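# Observations on the three-dimensional arrangement
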Amino acid sequence: MSTKTNKKSTARKKAPARQTGPAAQLAARHKKVRAAMRAHQVDALVISNPRDVGYLIGLPGDDSYFIMTSRKAVLLTDSRYEELLAPVTQWAQMALRRGPMAGKLAEVVDGLKCKSVGLQADHLTVSARKAIAKSVGARRCADTTGIMADIRKIKDDSEIRALRKAVSIAQEAVSATLADLRVGQSELDLSARLKYEMEIRGATGPAFGPIVAACANGSKPHYYPSARAKVRAGKPLLIDWGAIYRDYRSDLTRTWSVGTMSRKIREIYQIVLEAQLAAIDAIKPGAKCLAVDAAARSVIAKAGYGETFGHGLGHGIGLDVHEMPSLGPRSGANDTLEAGMVVTVEPGIYLPGVGGVRIEDDVLVTRTGHRVLSSMKKDLESAVLPV
Ligand SMILES: [Mn+2]
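Reading guide: rules and limits
Residues numbered from 1 in each chain as written. Predicted model: local features only at pLDDT ≥ 70, side-chain atom pairs only at ≥ 80, totals over all residues. Domains from an automatic or database assignment. Contact = placed C-beta atoms within 7 Å. Helix = DSSP H or I, 4+ residues; strand = E, 2+ residues; numbered from the N terminus. Nonpolar A, V, L, I, M, F, W, Y, C, P; charged D, E, K, R; others polar. Pairing = 2+ DSSP bridges. Axes fitted to C-alpha atoms, helices over the stretch in contact; angles between N-to-C directions. Core = buried A, V, L, I, M, F, W, Y, C linked by C-beta atoms within 7 Å. Buried ≥ 20, exposed ≤ 12 C-beta atoms within 10 Å, placed from the backbone. Expected span 1.5 Å × (residues − 1).

Many authors give the size of an interface as the accessible area that is lost as the parts come together. In terms of domain boundaries, the chain breaks down into domain 1 (4–151) and domain 2 (157–385). With six residues of domain 1 in contact, the opposing surface of domain 2 contributes six residues. Of all elements in the fold, only helix H3 (50–57) and helix H6 (147–152) reach the threshold of two or more residues within the side of domain 1 that touches domain 2. Looking at the side of domain 1 that touches domain 2, the element that brings in the most residues is H3, giving three residues. Looking at the side of domain 1 that touches domain 2, its residues break down into two nonpolar, two polar and two charged.

So, in C-alpha cells, the structure goes:
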C-alpha cells in the first residue's frame, strides 16, 4: 500500500485539456443510464453491482460504487484500486474511501446536491441497504430494479467481439481436452484440463466451474464433477463449459458418447437436437421469448419427454453467465428478442440412472435473424467419440 495515497485529496477533479470524456462506447452506455434515471425520476443513481460498475467504467468494478447524475460521474473506490482505475479520472471524479462505503457515499451525494438517490435494490444486501439509508437519509433513497440489466441486454460491437472470442477459446479448449480423452479419466481431471486449455488460449478463467458429467451423472442438470466418477466406454459424457475473455462469458454444452452410443441416448440425442435447431430457427428480432422456448419444448413434449425438461431454454450471456433476457416458459408475455441480444439455447432431456443430453449454443440476434456464434459439430455422428 503506498503512502502517497494519504497525501492526496480523496476526491479529485477532472483531468485538464485534451481529454474530452469517456470513450464513445462508454459514453453511449452512460447516455442510456441517464435516460433511465429520468424515467425513474432520480437525481442520482448509485451503481453498486461490480459487473455494472465495470460495464460503465470499462475497468474492473469490484468493491467500487459508480455514482451518476445528469451531468456528473463519481467513482467511489479505495486505495487498492486507485492506480488500476486511474484512467477513469480523465472523465470522472474519483473519491477514495478509508472507512465504510455508506459513509463516503453520503459525502459524495451531498457534494452532488442530490435530492433523490436511486439504489440497485436487486443487488444490495439488506445490511448494505440499511447502512446507506442511515448515512444518506432514508427519505432520499429510492429503490430501483432492472435498470442496468435492461441496458446490458443489448450488446455493442466490442461486446460481441469479446463474446465471439470467449466462444472460440472454449471450443478450441474442449477439442484439445477431448483429443487426449481416456476411458477411466475422472470428471475432475477433465475439468482441470479444460480450464487449463482455456487459460493458455487467453481466457482469464472459466465462465463457471465446468460441469463434466460422465455416464448417468448427466441426468443432473447442475452436476458438480467428482474425482471418483470416471469416463466409461459406451456411456455418455456431458460437458457444460465456458471461458471468460475480456470479462465476457461464453456458455456451451455438448453431450457425447464414448466409443459407442446406446439406443436410449441415441433416441434422446436426436430429439434434443431437433428441439435445439427448432428454437434457433425461431430466433429473430421481434420473436417472443415464450415462443422461442415453446419451439423447443413442443418437440420434446411431442416425443413424450416433456416432463424431463424442467429448466428454461436459455438466457442472455455477457459480463454475467446468466443475464437478461431469459427464454423459458415463465418469460414475460411481452418479452421480445431484439437485435444485439446474445442468448443461449440449451434444451435437454434427463433420465435418472441413464444419463442426460443437453446441447447448448450461443446465438446472436441480428437485424435480420440470428447468427450462431458457436460452431462445434453436434450431428449424431460427431457425438460418438473415438477411444
Ligand atoms: Mn447456459
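In this model, Met324 is joined to Pro325 through a cis peptide bond whose omega is 0°. Here Pro325 is to be found in strand E14 (residues 323–327). For Cys215, which is not glycine, the phi dihedral falls at a positive 55°. Relative to the assigned elements, Cys215 resides in the loop between strand E8 (211–214) and strand E9 (236–241). Here the phi dihedral of Asp247 falls at roughly 75°; this positive angle occurs in a residue that is not glycine.

Glancing now at the sheet that holds strand E7 (residues 205–206). A sheet is described by the order of its strands in space; here three strands give the open sequence E7-E10-E11, paired in antiparallel fashion. Pairing within the sheet leaves two strands with one partner each, and these edge strands are E7 and strand E11 (248–249). In terms of strand pairing, E7 meets strand E10 (residues 243–245) through two bridges, oriented antiparallel. By the bridge assignment for E10, Pro206 is matched with Ala243. Where helix H7 (residues 157–179) meets the sheet, it contacts E10 and E11, and its direction lies at approximately 140° from that of E10.

On to the nonpolar core, then. Core analysis: the largest hydrophobic core is formed by 103 residues, its most contacted members being Phe66, Ile67, Ala166, Ala170 and Ala243. Each of domain 1 (4–151) and domain 2 (157–385) accounts for three or more of the residues forming this core.

Next up on the list: H7. With 23 residues, H7 should reach 33 Å at 1.5 Å per residue; the first-to-last C-alpha distance of 33 Å fits that figure. Taken together, the buried positions of H7 are occupied by Glu159, Ala162, Leu163, Ala166, Val167, Ile169, Ala170, Gln171, Ala173, Val174 and Thr177.

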